[in-house]
Amino acid sequence: MSVLKEINTIDALIDRVFSYNPDANFDLLRRAYSFSSEAHQRQKRVEGSPFIEHPLAVAAILTDMRLDATTIAAGLLHDTVEDTDATVADINGLFGKDVAFLVEAITKLAKMEFRTSEEAHAENFRKMFLAMAKDIRVILIKFADRLHNMRTLEYLPEVKRHKIARETQEIYAPLANRLGIGRLKTEFEDLSFKTLMPEIYNELAYKVAKRREEQEGYLNEVTQLIEDKLTEASIPGKVIGRVKHYYGIYQKMQRQGIAFEQVYDILALRIITDTQSNCYAILGLIHSLWTPVPGRFKDHVGAPKSNLYQSLHTTVVGPKGERIEFQIRTEEMDRIAKEGIAAHWKYKEHKPIKERDDKYFSWLRDIIQAQKDMPDAKEFLETVKGNLFPDVVYVFTPKGDVMELPYDATPVDFAYSIHTQIGHQCTGAKVNGKIVPIRYNLKNGDSVEIITTPGHHPSKDWLKFVQTARAKNRIKQWIKAEEREKGFVIGKELLERELRKHDLSPALIKSKEILDAAKPFKLFTHEDLLLAVGYGKLSAHQIIHGLLPEPVKAEKQAVKKEIKKAPEDKGIKIKGIDDIMFHRSKCCYPLPGEKVKGFVTRGRGVSIHTADCPNLEAMAVDKDRLVDVEWVPGEESTYTVKISVFTLDKPGVLADLSTIISAANINIRHIESSATNSKQASLNFILEVKDKNQLNEIFKKIPLVSGVIDVKRVKTA
């Protein structure tokens, strides 16, 4: 979504708006520009340019979306409340409540206090999504703001560049896709890709340009042939060349384990016609000329995607045996594919959303509903990430009603979408009349009937395969309530046992004295105390020790000094807990430099996980058993890590890889290799590295070795 012509003045901006909306409130735009320009007059961007250039660029991107004057005015003003002395009340008084709402929705929660920057970051996203549910223009302004920041990212320090690019890749790009704004999604992905993996990006850009040059003549011949055939058939149509975006190519190479040379749809042809019936007529014409490739036809016209994307896709074996991909769509379909919700939402003041646009928001409403049960903003943000699904499936209830679920959804997701109790009691399902396991991945057109058993309850294991926010949250709620109840019972039993051991009355559990003993552990109620002991966060002995006479305390302290940490437990500090064993978890093997979290196990001390370890999702249900941990600076040691390198099966690759790894002062403990039927090889290395940075450096170098397709870190279950 590039700006059609550079806009660097308010007059040029107004000319752009006039070109598609002659009745717009141009006075509002001039006043908004003047206010923003004056408010930011003493501020400059990182590279030294006047700050006003940024809101003007944001407003220009909004005109690319052909949005209304209110939205563009908010784009001009979006940083004033956050970065200047202006207030929301000022904006409301000068520009009206709609502009004020949009500006406030975009403004970060700068004046609120948070314990960590991550918490502040997550809470800002929660605020943005809640506002977006009220007015979709909030996210359109945020998209424009993020896009201009991404286009000028090179002026920032590397750490900040990577953080912004990662966030854009994980949240903004899939969200743009969910709202059908294909142009934005593509640019977000490519700009993030360029920042995070510049060497691979540049190599792909070079290869794509080379292939385009090599095949330009060939595609021109095919284009001319198609145009001639369309003319003969009296079917209107415009044939346009299309180049797959770089990150899309990279994803395909990774997903299919293939080299660049094996990606056939880098260059393709798009045919734009006038009606839906002519789309199918053109499809028939193409299939009459060349043989279709089996499994490569998709009809998104008859069955649009949930983001309302429509197009016919087919791949054929064209002239000279070359594969060619075609996309066939109407002009309206093409506009929607590029602009998505922005194409539908030509916002008219005080008018409701159209019924057909409601599909855009059903998933958003589910997320907003789920957040009511999630006081933790970081958990909400993870739910958002997990619900920006790239695609959906449509299934039928026993009554024949159609239900939309995310790709890879299971009968459990289906059950919870009907009712919480049906989800809790789900023990199986019938799909198309046949019994299937609850892990079964539903397919388009499946007819689903849930089998329930009264008294049955959900399992933690369900969190590993359910896909919807509703299912995950309902399962977590039930488990949390169940674990809490168990925690009370276990905590009470352990404290009573410890009290009897020291000839103290069990009645002390409800006393003020035991609360005084718990205060050093930041526990101030009997309920918190029982849960802390029941969850294993601290021992009953630690509490009862505070009630013992001084001579007994001295004897116990001597025993405490004999506790040893496990030999492998080095370089880690557990906040708030001393003298407890801990170990690196075998499911993720964290490295120094990675964010880590501890989980108090029963009987094996604290297991240390990476903050993004998938297993933590299930563990996070028991939040009271999660502890903060950090790496101890200055610890000189090496840590085992396993990586897998996928290559073309050719001589010399293993030698080249070994040389690069050794040159980086990394010890190779073990190598395994195996060949596949597709003339590829998988090389597994067990390495000893100092920290995450050393691993990242070798990950940058390995893809540059000739013949390497992909490299990834292996996390053993």
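Above this note sits the structure.
Described in the following lines is the structure provided in the data block. (Residues numbered from 1 in each chain as written. Predicted model: local features only at pLDDT ≥ 70, side-chain atom pairs only at ≥ 80, totals over all residues. Heavy atoms only, no water.)

**Remarks on the sheet that holds strand S11 (residues 448-452)**
The strand order S10-S9-S11 describes an open sheet built from three strands, whose pairing is antiparallel. Where the open sheet ends on each side, the last strands, each with one partner, are strand S10 (434-436) and S11. Averaged over all pairs of adjacent strands, the angle between their axes in this sheet comes to 35°, without regard to strand direction. Bridge count for strand S9 (residues 426-431) against S10 is three bridges, and the pairing is antiparallel. Its bridge partner being in S10, Ala429 is matched across the sheet by Val436. Against the sheet, helix H19 (residues 411-418) engages S9, S10 and S11, with an angle of about 85° to S11. (Pairing = 2+ DSSP bridges. Helix = DSSP H or I, 4+ residues; strand = E, 2+ residues; numbered from the N terminus. Axes fitted to C-alpha atoms, helices over the stretch in contact; angles between N-to-C directions. Contact = heavy atoms within 4.5 Å.)

**Looking at the packing of aromatic side chains**
Taken as a whole, this structure holds twelve aromatic pairs when the rule is applied. Centroid distance Trp290 to Phe326: 6.2 Å. Interplanar angle 10°. Geometry classified as stacked. Of the two residues, Trp290 sits in the loop between helix H14 (276-289) and strand S3 (291-292) while Phe326 sits in strand S6 (residues 323-330), which places them 36 residues apart along the sequence. You'll find Trp290 and Phe326 in the same group, each marked buried. One aromatic cluster is present, built from ring pairs that chain together Phe193, Tyr201, Tyr246, Tyr247 and Tyr250. Between Lys443 and the ring centre of Tyr440, over which it is positioned, the NZ or CZ distance is 4.8 Å. (Phe/Tyr/Trp six-rings, centres within 6.5 Å; stacked < 30°, edge-to-face > 60°. Buried < 20%, exposed > 50% of the residue type's maximum accessible area, 1.4 Å probe, protein only. Lys NZ or Arg CZ within 6 Å of the ring centre and 35° of its normal.)

**Quick look at the environment of Asp64**
Checked against the element boundaries, Asp64 lands in helix H3 (residues 53-64). Owing to a relative accessible area of 9%, Asp64 belongs among the buried residues under this scheme. Counting along the chain gives 275 residues from Asp64 to Glu339, while the straight-line C-alpha distance between them is 9.3 Å. Engagement of the side chain of Asp64 in a polar contact is seen with the side chain of Arg16, the distance being 3.2 Å. (Polar contact = N/O pair within 3.5 Å; in protein donor to acceptor, adjacent residues only side chain to side chain.)

**Digging into the packing of helix H1 (residues 10-20) against helix H2 (residues 26-39)**
The axes of two packed helices give the description: the angle between them and the distance between them. At a minimum axis separation of 11 Å, H1 and H2 run at an interaxial angle of 155°. The angle between H1 and H2 places the two elements in the roughly antiparallel class. Judged by the sense of rotation from one axis to the other, the crossing of H1 with H2 is right-handed. Between H1 and H2, the residues in contact are Ile10, Asp11, Ile14, Val17 and Phe18 and Phe26, Leu29, Arg30 and Tyr33, respectively. (Parallel < 35°, antiparallel > 145°, perpendicular 65-115°, else oblique. Left-handed = near helix turned anticlockwise from the far one by under 90°.)

**Brief notes about the pattern of salt bridges**
Enumeration according to the criterion identifies 22 salt bridges in this entry. The partner of Arg16 in a salt bridge is Asp64, with the nearest N and O atoms 3.2 Å apart. With Arg16 in helix H1 and Asp64 in helix H3, this pair connects stretches of sequence that are 48 residues apart. Here Arg151 and Glu187 are joined by a salt bridge, their closest N and O atoms 2.9 Å apart. Of the two residues, Arg151 sits in helix H9 (residues 137-151) while Glu187 sits in helix H11 (residues 182-196), which places them 36 residues apart along the sequence. Of the residues examined, Arg151 reaches a relative accessible area of 26% and is grouped as partly exposed. Glu187 gets classed as buried once you look at its relative accessible area, which sits at 18%. What emerges from the salt-bridge pattern is a single network uniting Arg242, Arg296 and Glu325. (Salt bridge = Lys/Arg side-chain N within 4 Å of Asp/Glu carboxyl O.)

**As for the sheet that holds strand S20 (residues 708-714)**
Taking strand neighbours across the sheet as the criterion, the four strands line up as S18-S19-S17-S20 in an open arrangement whose pairing is antiparallel. The open sheet has two edge strands, strand S18 (667-675) and S20, and neither has a second partner. Strand-to-strand, the axes of this sheet are offset by a mean angle of 20°, without reference to chain direction. Sheet topology note: the strand S17 (residues 639-648)/S20 ladder contains six bridges and is antiparallel. Across the sheet, residue Ile643 finds its bridge partner in S20, namely Arg713. Its contacts with the sheet place helix H28 (residues 692-701) against S17, strand S19 (680-689) and S20, and it is angled at close to 165° to S20.

**Observations concerning the pairing of strand S14 (residues 596-600)**
Among the five residues that make up S14, four are buried, leaving the element largely enclosed by the rest of the structure. Relative to strand S15 (residues 606-610), S14 is paired through five bridges, and the arrangement is antiparallel. If you follow Val600 over to S15, its bridge partner there is Val606.

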